[in-house]
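# Architecture at a glance
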Amino acid sequence: QKEVEQNSGPLSVPEGAIASLNCTYSDRGSQSFFWYRQYSGKSPELIMSIYSNGDKEDGRFTAQLNKASQYVSLLIRDSQPSDSATYLCAVGRDDKIIFGKGTRLHILP
Amino acid sequence: ETGVTQTPRHLVMGMTNKKSLKCEQHLGHNAMYWYKQSAKKPLELMFVYSLEERVENNSVPSRFSPECPNSSHLFLHLHTLQPEDSALYLCASSQATGYEQYFGPGTRLTVT
């Protein structure tokens, strides 16, 4: 069983729509959850951290965490072509963080 | 300089060469990491240092040798590499292990 799972995509979303990216994890004791954005040929950039159940909003980004379902998602409102990238989910417990393989997001102009 | 810096940004080396990658973090963090990212593959954690002590080594071949002289600097020494070692090598740092990590721009390595 993979520890952090993401659909590899590509996920195609029209410009201006909401992009929804999903991530599931296997370790029920996981404590910290992160979303990174990685443009092609660049390094990952941290965009959101979430630690407790519920929603956390930052600008156009909303992270949603449901520990009971072992599920974390990232919503991007008013999607822009510049949001086209690979989004990595990372899950942490104690001193370890595990990255998923990422979902490629393509915003259609 | 701010954040995490890496040099060189690009490196081409032959299989018999010896080279080193350098990482420096200006964030006051205590943990540093080396990752390998091959084309269209996920991040592979190579080494973890916490307070200059190596805490994790994920079965990395001995041709990769890390060094952490202090909490701000991390090196990856390379020797007798193989063409399949060509990849983007990323350095990251965090306040402590398990905290959110901040990545450097990476070194694009090509082994010929």
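Read on for an overview of the structure. Every value quoted in this text rests on a predicted model; they were computed, and no experiment measured them.

## Here's the deal with the sheet that holds strand β3 (residues 19–25) of chain A
Residue and element names in this part refer to chain A.
- Spatial strand order, β1-β3-β8-β7-β6: five strands in an open sheet with antiparallel pairing. Two strands lie at the open edges of the sheet, namely β1 (4–5) and β6 (54–58), each paired on one side alone.
- The pairing of β1 with β3 spans two bridges and is classified as antiparallel. Within β3, the residue paired with V4 across the bridge is Y25.

## Comments concerning the sheet that holds strand β8 (residues 73–79) of chain B
All names here are of chain B.
- As summarised here, the arrangement of the four strands in space is β1-β3-β8-β7, forming an open sheet in which the pairing is antiparallel. Looking at the sheet topology across the chains shown, the edges are occupied by β1 (4–7) and β7 (64–70). Each strand of the sheet is rotated relative to its neighbour by a mean of 20°, with strand direction disregarded.
- Note that β1 and strand β3 (residues 18–25) share four bridges and pair antiparallel. Residue Q6 lies in a different strand from β3, and its bridge partner there is C23.

## Some remarks on the environment of B:Y49
Residue and element names in this part refer to chain B.
- Structurally, the position occupied by Y49 is in strand β5 (residues 44–50).
- Separated by 22 residues in sequence, Y49 and S71 have C-alpha atoms that sit 8.5 Å apart.
- Y49 has contacts with N30, A31, M32, R54, V55, P66, E67, C68 and L74, leaving out every residue within four places of it along the chain.
- There is a polar contact of 3.4 Å between the side chain of Y49 and the side chain of R54.

## Considering the pattern of salt bridges
All names here are of chain A.
- Tallying each qualifying case throughout the model produces six salt bridges over all chains.
- For D27, the salt bridge goes to R93, with nearest N and O atoms at 2.8 Å. Residue D27 is found in the loop between β3 and β4 (32–38), and its partner R93 is found in strand β9 (residues 85–93); the two are separated by 66 residues along the sequence.
- A residue is classified by how much of its surface remains accessible, and D27, at 27% relative accessible area, is partly exposed.
- Here R93 falls in the partly exposed class, since its relative accessible area comes to 37%.
- Note that R93 is salt-bridged to D94, the shortest N-O span being 3.8 Å.
- When its relative accessible area of 54% is taken as the criterion, D94 is described as exposed.

What counts, and at which threshold
- Residues numbered from 1 in each chain as written.
- Chains lettered and ligands numbered in written order.
- Predicted model: local features only at pLDDT ≥ 70, side-chain atom pairs only at ≥ 80, totals over all residues.
- Heavy atoms only, no water.
- Pairing = 2+ DSSP bridges.
- Helix = DSSP H or I, 4+ residues; strand = E, 2+ residues; numbered from the N terminus.
- Axes fitted to C-alpha atoms, helices over the stretch in contact; angles between N-to-C directions.
- Contact = heavy atoms within 4.5 Å.
- Polar contact = N/O pair within 3.5 Å; in protein donor to acceptor, adjacent residues only side chain to side chain.
- Salt bridge = Lys/Arg side-chain N within 4 Å of Asp/Glu carboxyl O.
- Buried < 20%, exposed > 50% of the residue type's maximum accessible area, 1.4 Å probe, protein only.

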